[in-house]
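# Secondary and tertiary structure notes
Letter by letter, the chains look like this.
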Amino acid sequence: MEPRLNGKGLIISLIFFLLKFSTAIEIPPSVQQVPTIIKQSKVQVAFPFDEYFQIECEAKGNPEPTFTWTKDGNPFHFTDHRIITSNNSGTFRIPNEGHISHFQGKYRCFASNKLGIAMSEEIEFIVPSVPKFPKEKIDPLEVEEGDPIVLPCNPPKGLPPLHIYWMNIELEHIEQDERVYMSQKGDLYFANVEEKDSRNDYCCFAAFPRLRTIVQKMPMKLTVNSLKHANDSSSSTEIGSKANSIKQRKPKLLLPPTESGSESSITILKGETLLLECFAEGLPTPQVDWNKIGGDLPKGRETKENYGKTLKIENVSYQDKGNYRCTASNFLGTATHDFHVIVEEPPRWTKKPQSAVYSTGSNGILLCEAEGEPQPTIKWRVNGSPIDNHPFAGDVVFPREISFTNLQPNHTAVYQCEASNVHGTILASANVDVVDVRPLIQTKDGENYATVVGYSAFLHCEFFASPEAVVSWQKVEEAKPLEGRRYHVYDNGTLQINRTTEEDAGSYSCWVENAIGKTAVTANLDIRNATQLRVSPKNPRIPKLHMLELHCESKCDLHLKHSLKLSWSKDGEAFEINGTEDGRIIIDGANLTISNVTLEDQGIYCCSALTALDSAADITQVTVLDVPDPPENLHLSERQNRSVRLSWEAGDDHNSNISEYIVEFEGNKEDPGRWEELTRVQGKKTTVILPLAPFVRYQFRVIAVNEVGRSQPSQPSDHHETPPAAPDRNPQNIRVQASQPKEMIIKWEPLKSMEQNGPGLEYRVTWKPQGAPVEWEEETVTNHTLRVMTPAVYAPYDVKVQAINQLGSGPAPQSVTLYSGEDYPDTAPVIHGVDVINSTLVKVTWSTIPKDRVHGRLKGYQINWWKTKSLLDGRTHPKEVNVLRFSGQRNSGMVPSLDAFSEFHLTVLAYNSKGAGPESEPYIFQTPEGVPEQPTFLKVIKVDKDTATLSWGLPKKLNGNLTGYLLQYQIINDTYEIGELNDINITTPSKPSWHLSNLNATTKYKFYLRACTSRGCGKPITEESSTLGEGSKGIGKISEGVNLTQKTHPIEVFEPGAEHIVRLMTKNWGDNDSIFQDVIETRGREYAGLYDDISTQGWFIGLMCAIALLTLVLLTVCFVKRNRGGKYSVKEKEDLHPDPEIQSVKDETFGEYSDSDEKPLKGSLRSLNRDMQPTESADSLVEYGEGDHALFNEDGSFIGAYAGSKEKGSVESNGSSTATFPLRA
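All values derive from a computational prediction rather than experimental measurement.

Definitions and cut-offs
Residues numbered from 1 in each chain as written. Predicted model: local features only at pLDDT ≥ 70, side-chain atom pairs only at ≥ 80, totals over all residues. Heavy atoms only, no water. Helix = DSSP H or I, 4+ residues; strand = E, 2+ residues; numbered from the N terminus. Contact = heavy atoms within 4.5 Å. Patch = residues over 30% accessible without salt bridge, like charges linked within 9 Å, V, L, I, M, F, W, Y side chains within 5 Å. Areas by Shrake-Rupley, 256 points an atom, 1.4 Å probe, with all protein chains shown as cover. Salt bridge = Lys/Arg side-chain N within 4 Å of Asp/Glu carboxyl O. Lys, Arg positive; Asp, Glu negative; His and termini not counted. Charge placed at Lys NZ, Arg CZ, Asp CG, Glu CD. Buried < 20%, exposed > 50% of the residue type's maximum accessible area, 1.4 Å probe, protein only. Disulfide = S-S within 2.5 Å.

## Comments concerning the environment of Lys-379
Summarising the element assignment, Lys-379 is placed in strand 32 (residues 377-382). Through-space distance from the C-alpha of Lys-379 to that of Gln-416 is 8.3 Å; in sequence the pair is 37 residues apart. Excluding anything up to four places from it in sequence, Lys-379 contacts Gln-416, Cys-417 and Glu-418.

## Details of a negative patch on the surface
A contiguous patch of negative charge on the surface is contributed by Asp-629, Glu-632, Glu-649 and Asp-652. Within the secondary structure, Asp-652 sits in the loop between strand 57 (643-649) and strand 58 (660-666). Its relative accessible area of 42% is what places Asp-652 among the partly exposed residues.

## Let's talk about the state of the cysteines
Inspection of every chain in the model, using the stated rule, returns seven disulfides. In this model, Cys-153 is linked to Cys-204 through a disulfide, with the two sulfur atoms separated by 1.9 Å. Disulfide Cys-153 to Cys-204: torsion about the S-S bond roughly -65°, handedness left-handed. Taken together, the residues span a long stretch of sequence, with Cys-153 in the loop between strand 13 (149-151) and strand 14 (163-167) and Cys-204 in strand 17 (residues 199-208) at a distance of 51 residues. On the basis of relative accessible area, Cys-204 is assigned to the buried category, the value being 0%. Across the disulfide from Cys-461 sits Cys-510; the S-S distance is 2.0 Å. Taking the sign of the S-S torsion, -85° for the link of Cys-461 and Cys-510, the bridge is left-handed. Here Cys-510 lies in strand 45 (residues 506-513) and Cys-461 lies in the loop between strand 40 (457-459) and strand 41 (463-466), a separation of 49 residues in the sequence. Across the pair, exposure class does not vary: Cys-461 and Cys-510 are buried alike. In this structure Cys-606 is not part of a disulfide, and its nearest cysteine sulfur, from Cys-607, lies 7.0 Å away.

The quantities given are spatial measurements derived from coordinates; they are silent on function.
Encoded structure:
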């Protein structure tokens, strides 16, 4: 036995044991014993569709019993060759062949051996006949309208149950109502016929469902004669007599029939359903009512069916006996009938004789008691015969008791007790076995048991012994009986060990001993660790529509792990194994997930674990939070002109305390139906005094707020209307909108509907020149604007605006200062000079214009400039004006982003709110030379073991006269060391190539090329290539390494295995460099040297083709990622091959943006300052003004172009995205 650890499992186990211990002693099959019938048939019906009919009788005993049968009290022999018998059994079969009706009867089986005879109960075998209606001719029925009639059915007899239906020939049911009724016997009653009852196909159908048979009675014809169908030739006297034949009458009972009198008796068996029926004829149709004389109808068990004509009482008890009365009535009278109900009962046992095993010389008793109505009679039998035929000396026999003294082996027999009354007979058998035998232990020796720590263990030792035996248990190694309160031995030999510990594990011996001898077996007990569970999170609070996730953590003994099963339940109801069909609740072993949590999901969730030995459970309380229910029962009190008290009742807060209430109102005449917030109230309060405005018809509603959110608004309150009053406030935001000089259009924010306080709102506007000793001018308007003409341009005025309505004026208004309309400035500034800062930046100075020539409020100055020609080739440029504005009163400004080595024209003008004034005379200036842009490309066109030939293209912008090139190169093999930087000055600018010699064989180099003017050299373009090994043939044209010189976006052409760095570097002002310069570098980290003759090998060529294909695939992936905004880390590549210029620029610092913090390379800068160090020309960015195209963002960096030209320093203007600064190694 493997007990459960939880309370429920333990209780079930104990009940099982107690039931097992309390049953009669089972005699082992090896011990001689009387026969016992273990299986028999009850009522057997020979259905015509069955193949055979089996009548069963099985028995056990030692010696093996033999079987005999009786039929209807007479011996029955299996003489019919069709009967099939079974070996070692009393069961026989009757095949469904031919005529079998003679087998019908009541059978009894007898099983006998030398010790006794067992007798079965009676087995009734029924051979039903096929029910049929008799062939008959049914005469047509003819009645007058209003007369009663009964259509008889008289169904044939057959195997119950019987169902009767009245239908027409089309198998449509005859409608029944208060006037038409079918009795339990099947007759169809009419209280009074109507013309519509006439038809010739009234058919009665009898259905026998157990026989699968429906039979039909011959159709009946019913004709109802109506007065309106009288013969036209009939005289008026005849018509009158027919009319008199249809008359109203008082009720008369048709059911029960008249011959039964005014009362009748009905006997019903206890527990069955009582049906009483009454039907009366009469006109109008009588109504039927029921009552119990001297008592009430049983509530809950009685129903009235068929329009009250049937009284049905279910599960009849003795309390239901008595007199019941049915009363049929109409307005002309009543008719009654009384039913005397008698409740009786078949025999039922109150005490049954029990089988028992006795030893020689002992005493015993058999009891047999039964109840029923009438009281049953009791008869005793021994071995199937009356007890009078088997007297024993010393035995005492009473009707309900047999007593034995000094039992001997010849007392061994089967005793039968039979109780019977008019409603049936019941039989009970008891075996009396007188046996003397040494104990026989039926539990196997060496049985293994297991339980868990702290709970009970049960070790079995089932035995049979006669005389009675004594059972003792002991531990094998201790060899002494177990003692103590923790140990209990049951009568059947089972040992219970309570509150087990690990020390209880081991082997135990069970000894059973009686007067004949003793026997023993051993049992082994293992102790396991108890299963533990923990559900998390504990008692979660989760908002509605969120997701709930519960986890069940289990700890289980290793021996029980394979049998561990987890299940989930809520409030005691188990979930399906995988959750719900809609997928909202998902159970995945130890995890329970509920999506879109609802309030119905709140409750106690339990995780249960079940193993082969124990069970455990843990719970968590899930609280679902939701917005509150709307407040209810809003009530207004303390009504005043400017206030009212609002009270309400709080709704359900759904497990989250209400933090506050929002009171809203509706009543705005300009926007009816719109609700606005009026005030907020703390969550603990449910009343507030509301401040109100005059002349408003208020309605209020309240919204509750908790941590989840807001409730739905409450139902609106009653209306509350406030009386009108004078305005409480004047318009705000008084301002002027001047479109013409000497004009002042005064505007203000109009009062809202809730601020008007009454009808007839107007605005009184007063004004006068500021400081002038004149009277205020005044005008009243209904809108919120007023146009006033003034004698002067941009003159100050004092202005007041006051609100008035039909009940008075608002408070005294405050005066504001407004100016009349502006005009354009009428003079131009004078340019003092243009100072050239560098090749792209100049500083302009000018004289400001007099205040009286501004004719308004000065907003600032505007510089217009345009390029006229290039000083490099002398070509003139079409006029493309660039605009830069400087706000405020100032006399200088910086103009950036100019083209180097060019001639420009420049003008300055003033502007106010009206617009710009006249331009100054153009000022002509020239920008000096600057450094060139980087060459357009750099390629290694030929390479050998110690030489290389490079070719390049001219820069797009020379920015001056080209004086030559600076070529630099260094070794960048795949090591953490970088080679020394070598410089070559090329003084022939027209030569676009160079041949390098004295290079190392099988070595990778990086080349840097800059274009130079008299002002210096520009940004470099780079290329990488490797020299050949010894003995290799020269390659006419090679582009090795990563050649990105022609690409704007390097990420499109990265090599596989390359690492990348992107830096945004600040640059000092100087020459034609931009304010910011983007430096983007990419280098391959891996290098494969070229070895002698390897390129001629076939395997190498195939390998190169595969690498090329792989490279193409990777480049495609990189291109896709770049288009999707993919990010690339180039930090490691930058650190491996740093720019040479970083080492050379000792005085410049710049900020670095990187995606890693790796250790820097030897020879590179260890740290980079993020602060930008200005030079002497680094003016404040504020000086560069407010260009029309938003030239600067908030931090001063350029974000736009000037009059269509590209911004300097952008990626597009680099020419090569791989430009870097060379490093000095």
